[in-house]
Amino acid sequence: MDEKFDVAIVGGGLAGLTCGYCAAQAGLKVAVVERGEYPGAKNVMGGVLYVQPFLDMFPDFLAQAPLERKIMREEYWFLDGDDAFTLSHHSQRWKDQPNAYTVMRAKFDQWYAQKVEDVGALLITETNVVDLLREGQQVVGLVTDRPDGEIRAEVVVLTDGANGTVASHADLFPRPDPTDMALAVKEVLELPREVIEQRFHTPDSSGAAIEMFGSFSDGALGMAFLYTNVDSVSLGCGGIVSQMAERAVNPNDWLNTIRRHPAVAPLIEGGRVKEYSAHLIPEGGYNAMPPLFGPGWMVAGDAAMMVIGLHREGSNFAVASGRAAAETAVKACAVGDYTLSQLAQYRTKLKQSFVLPDLAKYRAVTGYFAQHPDFLTVYPRVVNEFAHQIMTVDGTSKWEKQRAVSREFRRYRTKWQAVRELAGLLRTLR
Amino acid sequence: MEVGNLHEKLFANRYRPDTSNHLQVKNGEQCQRCHRYCETLCPAGVYRWDGIGLVIDYDGCLECGTCRLVCPYDNIEWNLPRGGYGVSYRFG
């Protein structure tokens with residue numbers, strides 16, 4: 001390609017499309033290179049999208065974008081065997097101030113990509129980026145798998161996601177470690193709209209998001225989820241890759257346990273699989289982040305490990321970092337300086353926003369669970385046992401029941417160990 | 001449908017199959033001395049040990065990249081399927 005671009009972006013996900021949108025809107029000449037048939041063809045997430053970043057960009061976002069259901073109820077389930085102990089938060093405040101919607105990324109990203117094209121960016125689909133063009137240390141463009149496929153640009157933004165191959169191939173930074181990545185699988189199960197609304201008590205396109213932890217993950221840092229879409233539900237689970245390898249477990253083993261759980265089975269009964277997907281999630285957080293920029297390049301979104309798994313946040317970091325990369329590119333183009341020191345503004349912007357402070361805040365979480373491998377089996381077991389004993393009336397005194405639960409708990413932990421362990425957890429979350 | 005039958009699930013997906021395999025084992029001998037986490041973890045059942053070597057059924061690949069990460073010998077050459085080929089999620 002003979003044209004030269006201001007910004008060339010690798011990957012049309014939320015980070016790449018946001019970067020493309022913001023840069024093109026500011027008048028830069030932008031190319032977004034996407035390997036799928038269409039943006040979204042390779043993009044997977046559990047399905048809950050926080051909408052605030054999009055409301056800031058598109059005032060009529062809620063009316064326009066292909067959204068599934070507005071999340072009005074968030075639940076956390078702690079499973080032990082066939083038991084479940086659940087916490088839920090219902091809020092009518094989310095009705096007028098929407099927080100999150102379920103989305104199908106293949107549909108959503110196509111909509112978003114159209115917005116990006118509308119502001120003048122060039123979207124190049126069905127094209128792999130195989131390497132970076134360089135002059136000395138300076139990155140000056142992309143090499144694609146198309147004939148005559150070099151794309152020259154002042155700034156390259158890597159947004160090729162959790163399974164990005166460009167950075168390691170071009171020796172910018174190594175591929176992530178399996179201790180820092182989670183593997184998640186998901187089934188989209190078709191169910192009639194009214195069945196979903198009855199089973200989940202979610203009338204009028206409202207929705208529920210259920211997160212599950214417990215014995216199914218055999219102590220690995222793993223979770224499962226069940227989300228409502230318009231006429232399907234998304235059931236999935238995932239865990240840290242290295243911890244699944246240690247346990248010689250496939251994510252489908254967990255999924256098959258979860259789908260048979262008596263609290264889950266009636267909710268998904270009769271659901272027909274419409275799609276089955278798998279994806280990596282970067283869970284390593286702040287400590288595992290790569291360098292964020294270099295001469296002529298920046299990296300954003302999942303490719304930069306910007307996820308807080310605990311809060312299911314990642315899309316918001318992708319959007320914010322994509323925008324920060326675009327703003328940095330706009331400044332760089334204005335002064336004609338694409339060196340490392342100029343692009344360092346990207347890091348400054350991320351530091352001044354919520355992105356780096358939040359990622360830094362949760363830096364120790366993934367490591368904490370790796371060091372306490374039975375946390376997610378012991379505590380769900382104990383809360384379920386406690387609830388069961390206290391709620392069962394069988395002629396035994398409450399004193400005796402309390403002692404039984406306490407005895408059960410002491411099989412795993414002394415009182416002192418538990419206090420230390422929970423204090424440690426609080427410290428990592430503080 | 002049998003609950004959780006992997007092949008049935010993969011059948012629900014839309015693929016545009018490439019004619020060449022994007023997953024290659026670099027040194028087949030290495031796999032003999034390995035736990036073969038690729039085979040255990042792959043969510044699409046792409047890898048199968050037939051007693052001599054790894055059989056790679058790349059058509060069903062969901063392109064998650066787990067095999068690349070989990071191979072202790074960095075013995076899997078993971079290339080992207082050609083642009084536009086491979087899995088094409090309709091929902092995602």
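Cut-offs and rules
- Residues numbered from 1 in each chain as written.
- Chains lettered and ligands numbered in written order.
- Predicted model: local features only at pLDDT ≥ 70, side-chain atom pairs only at ≥ 80, totals over all residues.
- Heavy atoms only, no water.
- Helix = DSSP H or I, 4+ residues; strand = E, 2+ residues; numbered from the N terminus.
- Rg over C-alpha atoms; globule rule 2.2 N^0.38 Å.
- Buried < 20%, exposed > 50% of the residue type's maximum accessible area, 1.4 Å probe, protein only.
- Contact = heavy atoms within 4.5 Å.
- Areas by Shrake-Rupley, 256 points an atom, 1.4 Å probe, with all protein chains shown as cover.
- Lys, Arg positive; Asp, Glu negative; His and termini not counted.
- Charge placed at Lys NZ, Arg CZ, Asp CG, Glu CD.
- Buried area = accessible area lost by both parts, 1.4 Å probe.
- Salt bridge = Lys/Arg side-chain N within 4 Å of Asp/Glu carboxyl O.
- Axes fitted to C-alpha atoms, helices over the stretch in contact; angles between N-to-C directions.
- Parallel < 35°, antiparallel > 145°, perpendicular 65-115°, else oblique.
- Left-handed = near helix turned anticlockwise from the far one by under 90°.
- Nonpolar A, V, L, I, M, F, W, Y, C, P; charged D, E, K, R; others polar.
- Phe/Tyr/Trp six-rings, centres within 6.5 Å; stacked < 30°, edge-to-face > 60°.
- Lys NZ or Arg CZ within 6 Å of the ring centre and 35° of its normal.

Visitor: Could you clarify how one ought to interpret the overall build of chain B in this entry?
Guide: A count of helical and extended segments in chain B gives four helices and six strands. Reading the helices (α) and strands (β) of chain B from amino to carboxyl end gives α-β-β-α-α-β-β-α-β-β. Rg of the C-alpha trace for chain B: 14 Å, near the compact-globule value of 12 Å for 92 residues, within the 12% margin. Taken along its principal axes, the extent of the C-alpha atoms in chain B is 40 × 35 × 20 Å. Per-residue burial over chain B gives 52% buried out of 92 residues. Residue pairs at least 24 apart in sequence account for 66% of intrachain contacts in chain B once pairs closer than 6 positions are excluded. Summed over its atoms, the accessible surface of chain B is roughly 4500 Å², and 46% of this surface lies on carbon and sulfur atoms. Of note, chain B has its 10 positive side-chain charges centred 5 Å away from the centre of its 11 negative side-chain charges.

Visitor: Please clarify how the interface of chain B and chain A should be interpreted in this entry.
Guide: One frequent convention defines the size of an interface as the accessible area lost when the parts assemble. On the side of chain A, 52 residues touch chain B, which itself brings 39 residues to the contact. At the boundary of chain B with chain A, total buried surface from both sides reaches about 3800 Å², with 52% on carbon and sulfur atoms. Interface area lost by chain B to chain A is led by B:Leu69, B:Tyr89 and B:Phe91, which between them contribute 22%. There are seven salt bridges connecting chain B and chain A. Put simply, A:Arg175 and B:Asp74 hold a salt bridge, and the shortest N to O gap is 2.9 Å. Those elements giving two or more residues to the side of chain B that touches chain A turn out to be helix 1 (6–11), helix 3 (37–41), helix 4 (66–70) and strand 6 (86–87) of chain B.

Visitor: Just to check I follow, could you spell out the pattern of salt bridges for this structure?
Guide: Any two side chains of opposite charge can pair if their charged atoms end up close together. Scanning the entire structure with this criterion turns up 33 salt bridges over all chains. Of the charged contacts, one joins B:Glu63 and A:Arg35 as a salt bridge, the two residues approaching to 2.7 Å between their closest N and O atoms. One end of the pair, B:Glu63, is in the loop between strand 4 (54–56) and helix 4; the other, A:Arg35, is in the loop between strand 2 (30–33) and strand 3 (48–50), on a second chain. Accessibility expressed as a relative area gives 4% for B:Glu63, which makes it buried. On the accessibility criterion, A:Arg35 (19% relative accessible area) is buried.

Visitor: How should the packing of helix 11 (residues 315–335) of chain A against helix 13 (residues 345–352) of chain A be read in this particular structure?
Guide: Residue and element names in this part refer to chain A. Running from amino to carboxyl end, helix 11 crosses helix 13 at an angle of 140 degrees, the nearest separation of the two axes being 9 Å. Classified by the interaxial angle, the pair formed by helix 11 and helix 13 is oblique. The hand of the helix 11/helix 13 crossing is right-handed. Two secondary-structure elements touch here, helix 11 through Ser321, Ala324, Ala325, Glu327, Thr328 and Lys331 and helix 13 through Gln345, Tyr346, Lys349 and Leu350. Looking at the contact of helix 11 with helix 13, its residues break down into four nonpolar, three polar and three charged.

Visitor: Looking at this structure, how should I read the environment of B:Cys71?
Guide: Checked against the element boundaries, B:Cys71 lands in the loop between helix 4 and strand 5 (76–78). For B:Cys71, a relative accessible area of 12% translates into the label buried. Considering only alpha carbons, one finds B:Cys71 and B:Leu6, 65 residues apart in sequence, at a separation of 22 Å. If we skip the residues at most four places from it in the chain, B:Cys71 touches A:Arg175 and B:Ile76.

Visitor: Honestly, the packing of aromatic side chains in this entry has me stumped. Any pointers?
Guide: Two aromatic rings, taken as a pair, are described by how far apart their centres are and by the angle between their planes. Taken as a whole and assessed by the stated rule, the structure comprises 22 aromatic pairs over all chains. Summarising the aromatic geometry, the rings of A:Phe54 and A:Phe61 are spaced 5.1 Å apart at their centres and angled 15 degrees between planes, so their arrangement reads as stacked. Above the face of the A:Phe5 ring, A:Lys29 is positioned so that its terminal group lies 5.4 Å from the ring centre. The residue whose ring lies beneath B:Lys9 is A:Tyr276, and the NZ or CZ to ring-centre distance is 4.1 Å.

None of this, on its own, says anything about what the molecule does.
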